[in-house]
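Structural overview for review
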Amino acid sequence: MSETIQFRRRHFPGVSAREWNDWKWQLRNRLDTPQRLSRILDLTAPERDALTRPRRTLPLAITPYYASLIDPHDSTDPLRRTMIPTVSELTRTDGECDDPLGEDAHSPVEGIVHTYPDKVLFLATDFCATYCRYCTRSRVVGGGELPPAESRWETGLRYIEQHAEIRDVLISGGDPLTLADSKLDWLLSRLRAIPHVQIIRMGTKIPAVLPQRITPALAKILSRCKPFWLSVHFTHPHELTREAGTACARLADAGIPLMNQTVLLAGVNATIATMLELNQGLLRFRVKPYYLHQCDAVTGTSHFRTTIETGLRIIDGLHGHTTGYAVPMYMLDAPGGGGKIPLSPDYIVSRQSGTVTVRNREGKHYTYHEGTARSPSDLAPSV
Ligand SMILES: *Cc1c(COP(=O)(O)O)cnc(C)c1O
């Protein structure tokens, strides 16, 4: 019997498999108070302390399904660390702020973030099925400021309609897949009707935390607005369950390309072995590991943030072990709205005139002789 079934029988006796697999039941029965949580997990003193103090921003909520993946007796369980508040999140350290990416300064109208010329973020809702403690948008998420109302969306849609340079809309939030089918269908149809919007993308953690939401009806709605790409958010191999696999298969079978964005998190996934297992597992789910984000310097996240050196070593380790398909790009989002900057281990040992010396994964050096063709002047990107 799967651990999820045991968990259901133990903590939700009388709840049928049918109810458990209904995503709306999962949302109605979220663990969102210290009392409900303590019935399921042995809370530690730092967790209990954090839960009883008034929280400034990000609420507590976990779906029963996702809670079933957490070891109730192990305070170092990786998924637990991402979901259960602890006192560390109440301290602010050097360089931290509530809006580290300067998104608010790049918001021309409510719910739109326009940082790059050709793409916008469309914040469809502030609601999530579960709240990740390291959230970049914890200043708005879960606070009710961005309700998923068509009247509010109209402002953002008008902005996109009036800006013909926008060819790429990334629907985010909050988690847009918490919206009802009819609302999603409405929003996607409206975006699809804008001639200059070439691709529609969506960012979501739903396949990891509420895979029951990925119904055949939903897959159909999403597949109707192609080209449509989905960015999912898996952080640890424990999330790669049978249920999550079914959800990803349903999306992939509907012709939706799946890309994973993960965040490098100390005590969760910041080892080569864990990243290897996660990324190889994702490939089996037909999900391409896309970005490994250096954790943004959001207030109260210092216990999650590793050094950049750790991230570089992990990327180097992945290159040495496995297919390039399983190696994401390691990205630092520059504080203050500077945008994403790719970070890479340095494989170039030295450059001479006409030759470059590089190192391989074993540290051996090789010298490559460059050709005689020189860079054309138009190699520089036009801004
Ligand atoms: C990360 C981000 C995107 C999406 O980035 P891609 O590199 O296009 O996947 C878009 N807008 C903003 C403001 C972002 O921070």
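Residues numbered from 1 in each chain as written. Predicted model: local features only at pLDDT ≥ 70, side-chain atom pairs only at ≥ 80, totals over all residues. Heavy atoms only, no water.

**Points about the site of the ligand**
Surrounding the ligand, one finds Val 113, Thr 115, Tyr 116, Lys 119, Leu 121, Leu 170, Arg 201, Tyr 290, Tyr 291, Asp 333 and Lys 340. Between the ligand and Tyr 290, the relevant distance is 2.6 Å, taken from an oxygen atom to a side-chain nitrogen or oxygen of the residue. At a separation of 3.1 Å, an oxygen atom of the ligand approaches a polar side-chain atom of Lys 340. With the chains in place, 87% of the 390 Å² that the ligand exposes on its own is no longer accessible. When residues of the shell around the ligand are traced back to their parent elements, those giving at least two are strand 1 (112-116), strand 2 (119-123) and strand 7 (287-294). Per element, the largest residue contribution to the shell around the ligand is three residues, and it comes from strand 1. (Near = heavy atom within 4 Å. Polar contact = N/O pair within 3.5 Å; in protein donor to acceptor, adjacent residues only side chain to side chain. Areas by Shrake-Rupley, 256 points an atom, 1.4 Å probe, with all protein chains shown as cover. Helix = DSSP H or I, 4+ residues; strand = E, 2+ residues; numbered from the N terminus.)

**Thoughts on the domain arrangement of the chain**
For the chain, the domain assignment lists domain 1 (3-81), domain 2 (104-343) and domain 3 (348-379). Put simply, the middle of domain 1 and the middle of domain 2, counted by C-alpha atoms, are 23 Å apart. In this complex, domain 1 contributes 23 residues to the contact, which on the side of domain 2 involves 36 residues. At the junction of domain 1 with domain 2, the criterion picks out zero salt bridges. Counting across the interface, domain 1 meets domain 2 through ten residue pairs in polar contact (both at pLDDT 80 or more). For the side of domain 1 that touches domain 2, the secondary structure elements donating two or more residues are helix 3 (23-28), helix 6 (64-67) and helix 7 (78-83). Classifying every residue of the side of domain 1 that touches domain 2 by side-chain character gives 13 nonpolar, six polar and four charged. (Domains from an automatic or database assignment. Contact = heavy atoms within 4.5 Å. Salt bridge = Lys/Arg side-chain N within 4 Å of Asp/Glu carboxyl O. Nonpolar A, V, L, I, M, F, W, Y, C, P; charged D, E, K, R; others polar.)

**Digging into the sheet that holds strand 5 (residues 228-232)**
Sheet architecture is open: nine strands sit in the order 1-2-3-4-5-6-7-8-9, paired in mixed fashion. Pairing within the sheet leaves two strands with one partner each, and these edge strands are strand 1 and strand 9 (339-343). Sheet twist, expressed as the average angle between the axes of neighbouring strands with direction ignored, equals 25°. Here three bridges tie strand 7 to strand 8 (residues 329-334), and the two strands are oriented parallel to one another. (Pairing = 2+ DSSP bridges. Axes fitted to C-alpha atoms, helices over the stretch in contact; angles between N-to-C directions.)

**Comments concerning helix 8 (residues 150-161)**
Between the first and last C-alpha of helix 8 there are 16 Å, a value that for twelve residues agrees with the 16 Å anticipated at 1.5 Å per step. Burial in helix 8 covers these residues: Arg 152, Trp 153, Gly 156, Leu 157, Tyr 159 and Ile 160. One face of helix 8 carries all of its buried residues, which in axial projection span an arc of 155°. Residues of helix 8 that are buried make contact with strand 1, strand 2, strand 3 (168-172) and helix 9 (181-192). (Expected span 1.5 Å × (residues − 1). Buried < 20%, exposed > 50% of the residue type's maximum accessible area, 1.4 Å probe, protein only. Arc of directions from axis to C-beta.)

**A closer look at the packing of aromatic side chains**
This structure, assessed with the given rule, holds nine aromatic pairs. With 5.7 Å between their ring centres and 45° between their planes, Trp 20 and Trp 25 make a pair best called tilted. Here Trp 20 and Trp 25 have matching classes, each one buried. Ring pairs connect the aromatic residues Phe 7, Phe 12, Trp 20 and Trp 25, which therefore count as one cluster. Taking NZ or CZ as reference, Arg 213 lies 4.0 Å from the ring centre of Trp 23, over its face. (Phe/Tyr/Trp six-rings, centres within 6.5 Å; stacked < 30°, edge-to-face > 60°. Lys NZ or Arg CZ within 6 Å of the ring centre and 35° of its normal.)

**Some details on the pairing of strand 11 (residues 355-359)**
Bridge count for strand 10 (residues 348-352) against strand 11 is four bridges, and the pairing is antiparallel. For Arg 351, the partnering residue across the bridge sits in strand 11 and is Val 356. With antiparallel pairing between neighbouring strands as the criterion, strand 10 and strand 11 make up a hairpin whose turn holds two residues, including Gly 354 at a positive phi of roughly 90°. Here strand 11 runs beside strand 12 (residues 365-369); their pairing, made up of five bridges, is antiparallel. Bridged to Val 356 within strand 12 is Tyr 368. Between strand 11 and strand 12, which pair antiparallel one after the other, the connecting turn spans five residues, and Gly 363 there sits at a positive phi close to 85°.

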